[in-house]
Amino acid sequence: MKYLPIRLSILVFVLAIAGTIVFAQATSAEATRPNIVVFLVDDMGVMDTSLPFLTDAQGQPQRYPLNDFYRTPNMEKLAATGIRFSNFYAMSVCSPTRASIMTGQNAARHHTTQWISPEQNNRGKFGPPDWNWEGLREDSVTLPRILQSAGYRTIHVGKGHFGPFNNAGADPANLGFDVNIAGRAIGAPGSYSGRLNYGNGTGKRKGKDRAVPHLEKYHGTDMHLTDALTLEAESQIDEAVSSDTPFFLYLAHYAVHSPHQSDPRFADHYVDSGQSQRVQNFATLVEGMDKSLGDLLAYIRERGIGENTLILFLGDNGTDAPIGHEHAVACAAPLRGKKGSHYEGGVRVPFIAAWATPNAENSAQQTLSIPAGAIQSQMGNVCDLLPTVVELTGAPVPNNHVVDGTSLIKLLAGEADDEHSSDFLMHFPHEHRTNYYTSLRSGDWKVIHHDFPGEDSGNQRYQLFNLASDPFEQTNLAENHPDVLKRMMLQLTNHLEQHNAQYIMLDSRPTPPQLPSGNCAAAKQSIPTRFRLIHRRYLRLFDAPPRSERRLRQVGGATPSAVQFTGELNSLTNCTVETRNRDTKLLAESSAKFGSLDSVYWVSSFACRFAIKSIA
């Protein structure tokens, strides 16, 4: 028994050592969790920079005149230490993109498909009545809330625009951010000037309250809004570092959104540019934003946390530079269009990823090694940020939350990723520079469907471009390639259905995009395959097959999916008599294989009726 105290002492000693090792391992794991900075620039398109993002046929950066007009040296430095994407996409206006960054979902799914007017619902005359004007809610699954649950300090500085006044989304603190500075329902500042208190108490902008909150310490000073936000971000980083807590900083600048007020510090740089005063003012806002990037990076490095801090730099939609017509090759030249339009200039944005201080020996950077000065030509989009950050940090996403984006980790490492999507869906059932349209890029092809063809579409319902041979969208190939058009439109409608999209309202009912008429053989899918897809999506919605034309119309108008079903089946009948007779048999065979006996009767009789009518 006399050995018992000795044995207990040894046991206690061993347990203490083991506990120390476990604690040290946990502390080490905690220390390797990277800090994440999302540096978001409002209304900055891919051409609003001296850093070239577009590439030539060999994948090398190609400069254009706008790259020589703007001055963004800190973007150039960041790209030199990291990777930039030549094909990165955002929604064509701001609120949809911001909701997509927060949720990882395409706007077609989260239903905030239009910018959010803070005062009143701006769905438009034909827009979906139940579109998500209220934006993000207190129970929304968001990136900051996910990181917050994983022990991150979550910081919001700058523009919010996640929801209208008097709704939860108006305050980012309701959405998973521990701290909110300067964010509210507004999408533009009352003023960029500290002398004008950033719009506080100095009158309304266009009769509306657009005051930037929480920055009273700078009121009456010469502090530009962009610099004030940068200083506040640095202060919040200090608090996170002092508490030894990993942080997620979402720094969303109001710049370079209108009002395009000159930043006097940079005005002299553009006096002899030959551009109008408004364009010069816009350029000063761009350069001021770039200074903010440089200041923030310098501060992070000074604090000694650069090796463990990942910077994700991007714009929220295409450019709004006040140059030329909104659908011309002008403000985003050589790309066509601008913010709010259906062309590439409306949706292509800059995207750079880099460690603030590159060091291959750092454990976090060994997990994600980003090549210096690299250009990634594979597509990425704003929905990809959430799954990327989640994978890198190990933060769990709720099982019931649908994520449309896919992780960029392999692409950020400069590798090819065959599993990453090459599709980007842009659904806009509202009014803006382009009204009521849906576009889909899939690989090299891009199709646009206009619900109301007009001047902005060249009076064409469909536009089809091959971006490999025609990257600046000059030649509409819809009539020359009906097979590709049909295939792309089928993909587009499939995407909309899979995202549970909302549609324009015509005759008080949701009306999805129309499929093009033409030779049935034009579709790439076989008739049985195409019918199987239609069957899976729609036929299950009906309790019984219609027995008459009248019943068919009644069912066809019952739901959006029913309308779509009728439209797709009708599209199969715009063929030759011989093709239609063949389709009648194939549709029946497909229905027999994939559907019920009622389905066989319904589809066979439906197709036969058209065949008989055509022969007669």
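Residues numbered from 1 in each chain as written. Predicted model: local features only at pLDDT ≥ 70, side-chain atom pairs only at ≥ 80, totals over all residues. Heavy atoms only, no water.

(A) Representation of the confidence of the model for the protein. A residue-level look at the protein finds 78% of positions with pLDDT of 70 or above and a mean pLDDT of 85. The low-confidence segment residues 10-31 (pLDDT under 50) makes one contact with residues lying over four places distant or belonging to another chain. With pLDDT under 50 throughout, residues 590-616 is counted as low confidence; its partners more than four residues away or in other chains account for 48 contacts. (pLDDT = per-residue confidence, 0-100. Contact = heavy atoms within 4.5 Å.)

(B) Region of the structure containing the environment of S369. With respect to the helices and strands, the residue S369 is situated in the loop between helix 9 (363-367) and strand 9 (374-376). Along the sequence, S369 and G82 sit 287 residues apart, while their C-alpha atoms lie 9.4 Å from each other. With sequence-adjacent residues up to four places away left out, S369 is seen in contact with L412 and A413. (Helix = DSSP H or I, 4+ residues; strand = E, 2+ residues; numbered from the N terminus.)

(C) Representation of helix 3 (residues 73-80) in the model. Among all positions of helix 3, only N74, M75, L78 and A79 are buried. The buried residues of helix 3 all sit within an arc of 140° when viewed along its axis, so they share a single face. Of the surrounding secondary structure, the elements contacted by the buried residues of helix 3 are strand 2 (83-85), helix 8 (277-302), strand 7 (309-315) and strand 8 (351-355). (Buried < 20%, exposed > 50% of the residue type's maximum accessible area, 1.4 Å probe, protein only. Arc of directions from axis to C-beta.)

(D) Layout of unusual backbone geometry. The amide bond that connects A255 to the next residue, V256, takes the cis arrangement and shows omega of 15°. Looking at where V256 falls in the secondary structure, it is placed in the loop between strand 6 (247-253) and helix 8. Cis geometry is adopted by the peptide bond preceding P334, which originates at A333 and carries an omega value of 15°. Within the element layout of this structure, P334 appears in the loop between strand 7 and strand 8.

(E) Summary view of the packing of helix 7 (residues 225-242) against helix 8. Between helix 7 and helix 8, whose axes approach to 9 Å, the crossing angle comes to 20°. The orientation of helix 7 relative to helix 8 falls into the category roughly parallel. Like other packed secondary-structure pairs, helix 7 and helix 8 cross with a definite hand, here right-handed. Two secondary-structure elements touch here, helix 7 through T226, D227, T230, A233, E234, I237 and D238 and helix 8 through G288, M289, K291, S292, D295, L296, Y299 and I300. In terms of residue class, the contact of helix 7 with helix 8 is built from six nonpolar, four polar and five charged. (Axes fitted to C-alpha atoms, helices over the stretch in contact; angles between N-to-C directions. Parallel < 35°, antiparallel > 145°, perpendicular 65-115°, else oblique. Left-handed = near helix turned anticlockwise from the far one by under 90°. Nonpolar A, V, L, I, M, F, W, Y, C, P; charged D, E, K, R; others polar.)

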